[in-house]
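Summary of structural features
Chain by chain, the residues run as shown.
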Amino acid sequence: MFKCKTSPEVGGMGHSVKRKEDARFLHGKGNYVDDVKLPGQLTMVLVRSPYAYAKIKGINKEKALAIPGVLAVITGYDLKEFNLHWMPTLLSDTQMVLPTDTVMHQSQEVCAVIATDRYIAVDGAEAVEVDYEPMKALVDPWKALDADAPLLRPDKEGQKDNQIYHWERGEREKTDAAIAAADVVVKERIYLPRIHVASIETCGCVASYDKDTQKMLVYMTSQAPHAIRTILALVAGHVGLSEEKIRIIAQDIGGGFGGKVPVYPGYVIAIAASFLIGKPVKWIEDRSENLVNGFARDYHMDCELAATKDGKIQAFKVSTLADHGYTDSSANPSKYPTGMFSICTGSYDYEHAFAELDAVYTNKAPGGVAYRCSFRVTEAVHAIERMVDKLAAKIGKDPAQLRFENFIKKEQFPYESPLGWSYDSGDYKQTLEKAMDMIGYDDYKKEQAEKRAQGKLMGIGICTFTEVVGAGPSKDFDILGIAMFDSAEIRVHPTGKALARFGTKTQGQGHETTYAQILAEELGIPYTDIQIEDGDTDTAPYGLGTYGSRSTPTAAAAAAMAARKLRAKGKKIAAHLLEVSEDDIDWEVGKYFVKGAPEKCKTIQEVAFAAYTNFPAGMEPGFEATHYYDPPNMTFPNGAYICVVEVEEETGAIDVKRFVAIDDCGNIINPMIVEGQVHGGLTQGIAPAMYEGIVYDDEGNVLNGTLMDYLVPTAVESPHWETGHTITPSPHHPLGAKGVAESPTVGAPPAIANAIIDALSPLGIEHLDIPITPAKVWEAIQVAKAKA
Amino acid sequence: MIPANFNYHKVSSVNEAIALSQKLGEEAKYMSGGHSLLPMMKLRFATPEHIIDISKIEGLSYIKEEGDLLKIGAMTTQTEMEHNALLKEKYPILGDAIWLTADPSVRNVGTIGGNIAHGDAANDQPALMLAMRATVVAEGTDGTKSIPIDEFFHGFYMTALEPSDVLIEIQIPKAKKSSGGAYVKIERKVGDYATAGVAVHIELDDSGVCQQIGIGLTNVSAVPMRLERGEEILRGQKVTDDLIAQVGQVASEDCEPESDLRGSEAYKRSIVNTITKRMLNKALERARQ
Amino acid sequence: MGKHNITLTINGESVSAEVESRLLLVHFIRENLDLTGTHIGCDTSNCGACTIMLDGKSIKSCTYLAVRADGAEITTIEGVAEPGTNSHLQKAFHDQHGLHCGFCTPGMIIRSMDLLKTNPNPTEEEIRWGISGNLCRCTGYNNIVKSVQQAATEMAKEKEASV
């Protein structure tokens, strides 16, 4: 286990110190974007399409403009004058900012009403008359490639059908051959439905352009403010928005989870409106706008897993259909269109794998948000973990035993996966054993046998996942060519206190505390003496933001490296102060001392003071350091989750009795915060497993676009989570840490699905897609009974 | 989500409310707790020109037994009912329902009168009122009227109340010895409207024969529904498992659910069957205590 | 349309204002009074981010007209404790890591105040049902439950000590 090097007062790594950022939130003094109020501020409300696919014959602004307080109605034609009606996506596709002639999904932005206040703007939006000519929407992605499907993107040169791209990785022939030759092959079509991050704060911004200074200040709910600034400069440079004159400030964010990475059209329209009007313009989504205009997942995966008759896995193949909506606006900063999906070979050692994917256009909202997942890892893990359980059921082997027999062994790390990843470290056997001990696996197996004998439905589900996080090595990741490093800048003041700034952006992860703890660990300055800042592009060093569990792998590493630069400088200063050679100086947390004479020492605070007052001749004064960290590899957090459920046959009701999560995220900076992240991720795991999913009808209407019907779990649906850890440090990270916040979101759904399906297995049910609701279970039971 | 413009009027007496409503005409709507009406106004599904706030009328918030009746003032909030000692002791069916209705902050504002007057088959109280054979007391231009619950719900969001009528009191036959009631709904998550709900009120004589029975169903029909055929099976009978099973079957046949996001018609019929039986048993258990 | 003069007490201070009929109480609090600790999350009274205390009861201020609050006594998160101090609940949320992004926290604390007033010694299940109208997307609720439990214990101790 990890042993703390610092005292609780210093609060370095491993201490569950309480969060420094709490005070403002507990007293209502958080600074969220809707709290911004600038002099002369106007409000923008968007008119959105009621149709999934329609021609716009005309937009009549008159009635809206007649309302006192409505100042402008901005349409696609207004933006077209500045060539701002379309914008590029990260995946080299194009997205409408505002349409000139066609709307491609329900709730797409049609025009924007600018008014003196929110209420008037809403009235204005109600009063705008749009003349639509509805067209037959393409909703079913399986029909997107049919010969008679409408061509949704004729605007794209050379686009002959609705395919966006085909991607593949691995060896098709060898995998097919291994599957053909195998004793046992299990197959399943697994769908991971469209879901939404549904952070309690929606998205929004306040754009404020000063025509005199030509400066654009934007307060924005952005997880990646620096990237937004650069993108804005690239897409709007031609109208005069130059990067040094753009300042993005991401203040407190009310939950991100990936949903606040993309550039939504609303941001661009608000910025354009402020640019044109020269006044601050606020745009805040309402809940329905938020829920209907973005998504995560939506992968249909045809999986085949091959094994010997006694369950040694030999090959895995997955062919996926991805529904991207009308444009590929995936918030995916990797060099691969499917992100990290090729982690789908899982925690198991076998030779052959092949993954391919076809992405198609439909008349749905664009997106492809990396929802608390390092982009498509959730889909990948669900596929392999469901299939491993299906294999276990097929050959009649305990799913834990099957996993033990196939795990990559501790001594095999670094492990080269069949699809090309180099797993850094793990001890999968130990992690699963710990989970089984904690939940009492053997006892539950006995109880299950007894219950089954009585005709009761009880299930035990396991998921032993491997994640791939920490975007990233610049060889795998960039945003518009910008390498995915991250940064830390430390200023130690003369009195030994410090200010550190980062290129990442906290949204509840507690960076103001954990980054301070890393610096406390490295420098011995108490974490309470270190102020952490992020989110302001004018002050923070350049970085790519917080998502994909990348902050610990990148910015935390940068913090350690920058601190080590300071420590090296401090050593020279200490040698100068102690009048010995630098080679005679040793370091222990918080102080330099003369080797063999520990009483001759200088504290870090004394050294910091000397850096401004009494530094060696020729040395650059000051005590500051900056580091940009480009990680050599991804990190591979992993875990073993076990879920126990009971299902009532008569009603389909599902009772989650227990859920144990053992995570291995390497060395831990703050155990309290890590545990909190795991709790939250688990609730965001049970959500899609049992409750959430965006539902469309045949016309492309979203049927559950409010929180009345999009079922975010409450404290009642959320089980009492039980958590624990194993620690296998990352060998390549300066702190041995890995990143954790996404593991539970990735690992929980298959554990829950496996448990429910295990419960139903005596009835002959082999698979159910999530969300697995009582209604769905009941239907499946009726079908199974009819068959039997 | 912002409501369209309207004019707000506060009234301090029932008579004032009725007079104002008459004066303002059809475009005026009463608001009590507001938790049914205001959300519809925010979504602009409802755009009344006038809102008459009746929540400040004094004296309409009470829970008491008087003569043969339990009387609940229409402005009594769900929270007041939830914590009321009399209801806890003698009318636990009300607590069953309130616990499952929306959430505590909404229940702090939402009233029993509003829950019923809205005429929404998805609300929980209508089924209870049907089961308990309640009478709705309203005041209107032609004075006070007592409307038996069977004549109250007219259609989708439509009730026997005239536009100017103010619902002032719910009257429920006082709980008799050997009587009991129970309510449950299946919901997708806590606070959701019912996928299906069943309210049962039963009265037994000393020999255990069912003297009176009321069964109401939630959100499985366009109009709050009483299960009359099911009641007939039990009335005057000694209640057996077999009869309970028959009533469950009848409930699943007579309800009129539609397939939607909450489940298929078949699923809803099936759970109506199950929870009807369960609530009959729970009500019986309470009646026998 | 209609304008109305209202007077109410908010966090101990008397406030008078002229409001439109349709002004929602949450907007009055946030935009007229600049008390931005009360948040808006869902617009449909499902999430509870807008929860405030009105005449001693937690309510959802997104589904309440400002004009109806005439004469009311309101407490928002800003008025829960004296500046520089924490209420038992505020302290407990800090101690137990009962908040991440902080967006639901004000509503969660106000709701928990009402819960502990009507039920000073709630079970875990009662806490979970008691906060079921307040959504949190970050914490998974485990630590919110622990926070409320800690506050209940400390409030009971304080009550005992004062007797």
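Residues numbered from 1 in each chain as written. Chains lettered and ligands numbered in written order. Predicted model: local features only at pLDDT ≥ 70, side-chain atom pairs only at ≥ 80, totals over all residues. Heavy atoms only, no water.

Side note on the overall build of chain A
- Along its length, chain A carries 18 helices and 32 strands.
- Rg of the C-alpha trace for chain A: 27 Å, near the compact-globule value of 28 Å for 788 residues, within the 12% margin.
- Taken along its principal axes, the extent of the C-alpha atoms in chain A is 90 × 75 × 50 Å.
- Counting every position in chain A, which comprises 788 residues, the buried fraction comes to 67%. (Helix = DSSP H or I, 4+ residues; strand = E, 2+ residues; numbered from the N terminus. Rg over C-alpha atoms; globule rule 2.2 N^0.38 Å. Buried < 20%, exposed > 50% of the residue type's maximum accessible area, 1.4 Å probe, protein only.)

Some words on the overall build of chain B
- Of regular secondary structure, chain B possesses eleven helices and 14 strands.
- Overall, chain B is about 55 × 45 × 30 Å in size when its C-alpha atoms are taken along their principal axes.
- Burial analysis of chain B (289 residues in total) assigns 62% to the buried set.
- In chain B, the proportion of contacts linking residues at least 24 apart, taken out of those at least 6 apart, comes to 63%.
- For chain B, the accessible surface area stands at approximately 10900 Å², while carbon and sulfur atoms represent 47% of it. (Contact = heavy atoms within 4.5 Å. Areas by Shrake-Rupley, 256 points an atom, 1.4 Å probe, with all protein chains shown as cover.)

Re helix α10 (residues 399–406) of chain A
All names here are of chain A.
- The complete set of buried residues in α10 reads P399, A400, L402, R403 and N406. Down the axis of α10, the buried set is contained in an arc of 160°. They therefore lie on one face.
- The secondary structure elements touched by the buried residues of α10 are β16 (313–323), α9 (377–395), α11 (428–439), α12 (441–453), β20 (457–466) and α17 (743–760). (Arc of directions from axis to C-beta.)

Quick word on the state of the cysteines
All names here are of chain A.
- Scanning the entire structure with this criterion turns up zero disulfides over all chains.
- There is no disulfide at C344, and the cysteine sulfur nearest it, in C303, is 8.2 Å away.
- Using a relative accessible area of 1% as the deciding quantity, one classes C344 as buried.
- In this structure C665 is a free cysteine whose sulfur lies 14 Å from that of C4, the closest cysteine sulfur available. (Disulfide = S-S within 2.5 Å.)

Details of the nonpolar core
- Residues L241, F316, F659 and I756 of chain A are the most contacted members of the largest nonpolar core, which totals 221 residues.
- Per-element tally for this core: the top contributor is α17 of chain A, with ten residues.
- Counting residues in hydrophobic clusters, the runner-up holds 56 residues, among them V113 of chain A, F6 of chain B together with V15 and A72 of chain C. (Core = buried A, V, L, I, M, F, W, Y, C linked by side-chain atoms within 4.5 Å.)

Structural notes on the interface of chain C and chain A
- Each partner contributes residues to the interface: chain C has 49 residues there, and chain A has 54 residues.
- Note on chain C versus chain A: buried area summed over both sides is about 4300 Å², and carbon and sulfur give 54% of it.
- The interface formed by chain C and chain A includes seven salt bridges.
- The shortest N-O distance in the salt bridge between E692 of chain A and R137 of chain C comes to 2.7 Å.
- Put simply, the parts of the chain that give the side of chain C that touches chain A at least two residues each are α1 (25–32), α2 (88–95), α3 (105–118), α4 (124–130) and α5 (142–162) of chain C.
- Looking at the side of chain C that touches chain A, the element that brings in the most residues is α2 of chain C, giving four residues.
- Of the residues assigned to the side of chain C that touches chain A, the class counts are 18 nonpolar, 20 polar and eleven charged. (Buried area = accessible area lost by both parts, 1.4 Å probe. Salt bridge = Lys/Arg side-chain N within 4 Å of Asp/Glu carboxyl O. Nonpolar A, V, L, I, M, F, W, Y, C, P; charged D, E, K, R; others polar.)

A closer look at the sheet that holds β20 of chain A
Residues and elements named next belong to chain A.
- Taking strand neighbours across the sheet as the criterion, the four strands line up as β20-β30-β31-β32 in an open arrangement whose pairing is mixed. The open sheet terminates on both sides in strands that have one partner only, identified here as β20 and β32 (722–725). Averaged over all pairs of adjacent strands, the angle between their axes in this sheet comes to 15°, without regard to strand direction.
- Across ten bridges, β20 lies against strand β30 (residues 638–647) in antiparallel orientation. Of the residues in β30, the one forming a bridge with T464 is A640.
- Across the sheet, α11 touches β20, β30, β31 (654–664) and β32, and the angle it forms with β30 is around 30°.
- Of the strands in this sheet, β30, β31 and β32 are in contact with helix α16 (residues 671–691), which crosses β31 at around 135°. (Pairing = 2+ DSSP bridges. Axes fitted to C-alpha atoms, helices over the stretch in contact; angles between N-to-C directions.)

Regarding unusual backbone geometry
- Going from F413 of chain A to P414 of chain A, the amide bond is cis rather than trans, its omega being -5°.
- Mapped onto the fold, P414 of chain A is located in the loop between α10 and β18 (415–416).
- Cis geometry is adopted by the peptide bond preceding P771 of chain A, which originates at I770 of chain A and carries an omega value of -5°.
- Along the polypeptide, P771 of chain A turns up in the loop between α17 and α18 (774–787).
- In the Ramachandran plot, R133 of chain B falls in the positive-phi region, its phi being about 55° despite a non-glycine side chain.

Re the pairing of strand β5 (residues 69–73) of chain B
Residues and elements named next belong to chain B.
- A large share of β5 lies buried, amounting to four of its five residues.
- Summarising the sheet, strand β4 (residues 63–66) and β5 pair through four bridges and their orientation is antiparallel. Its bridge partner being in β5, E66 is matched across the sheet by L69.
- As consecutive antiparallel partners, β4 and β5 are separated by two residues, and within that stretch G67 has a phi angle of approximately 60°, a positive value.
- Both β5 and strand β10 (residues 166–173) contribute to a ladder of five bridges, which runs antiparallel. Bridging from a neighbouring strand, G73 pairs with E169 of β10.

A word on the interface of chain C and chain B
- Contacts between chain C and chain B engage 32 residues on the former and 33 residues on the latter.
- Linking chain C with chain B are three salt bridges, by the criterion used here.
- In this structure, D70 of chain C and K10 of chain B form a salt bridge, with 3.6 Å as the shortest nitrogen-oxygen distance.
- Taken together, the links from chain C to chain B amount to 16 residue pairs in polar contact (both at pLDDT 80 or more).
- Looking at the side of chain C that touches chain B, the elements that each hand over two or more residues are β4 (57–60), α3 and α4 of chain C.
- Split by residue class, the side of chain C that touches chain B holds ten nonpolar, 13 polar and nine charged. (Polar contact = N/O pair within 3.5 Å; in protein donor to acceptor, adjacent residues only side chain to side chain.)

Describing the sheet that holds strand β12 (residues 215–220) of chain A
Residue and element names in this part refer to chain A.
- Ordered in space as β3-β7-β1-β14-β11-β12-β13, the seven strands form an open sheet in which the pairing is mixed. Sheet topology places β3 (70–74) and β13 (246–249) at the edges, where each strand pairs with a single neighbour. Within this sheet the neighbouring strands show an average axis-to-axis angle of 20°, counted without direction.
- Of the strands in this sheet, β1 (42–48), β3, β7 (109–115) and β14 (281–284) touch helix α4 (residues 118–127), which is tilted by about 25° from β1.
- Contacts from helix α7 (residues 265–277) reach β1, β3, β7, β11 (204–210), β12 and β14, with the element oriented near 25° to β11.

A word on the pairing of strand β11 (residues 179–186) of chain B
Residue and element names in this part refer to chain B.
- When you tally the buried positions in β11, you get six out of eight residues, the bulk of the element.
- Bridge count for β11 against strand β12 (residues 196–204) is eight bridges, and the pairing is antiparallel. Across the sheet, the residue bridging to I186 is A196, located in β12.

Regarding the domain arrangement of chain B
- In terms of domain boundaries, chain B breaks down into domain 1 (7–53), domain 2 (63–173) and domain 3 (179–288).
- Relative to domain 3 of chain B, the C-alpha centre of domain 1 of chain B lies at a distance of 35 Å. (Domains from an automatic or database assignment.)

Some details on the side chain of D286 of chain A
- Relative to the helices and strands, D286 of chain A resides in the loop between β14 and α8 (287–292).
- For the buried D286 of chain A, which has no salt bridge, the nearest side chain bearing the opposite charge is R48 of chain A, at an N-O separation of 6.4 Å.
- For D286 of chain A, the contacting residues outside a window of four places in its chain are T202 of chain A, M1 of chain B together with D43 of chain C. (Lys, Arg positive; Asp, Glu negative; His and termini not counted.)

A few points about the packing of helix α13 (residues 511–523) of chain A against helix α14 (residues 551–578) of chain A
Residues and elements named next belong to chain A.
- Their axes nearest at 9 Å, the elements α13 and α14 cross at an angle of 35°. α14 is crossed by α13, and the crossing has right-handed handedness. Together, H511, Y515, I518, L519, E522 and L523 of α13 and S551, A555, A556, A559, A560, A563, R564, L566 and R567 of α14 make up the contact between the two elements. (Left-handed = near helix turned anticlockwise from the far one by under 90°.)

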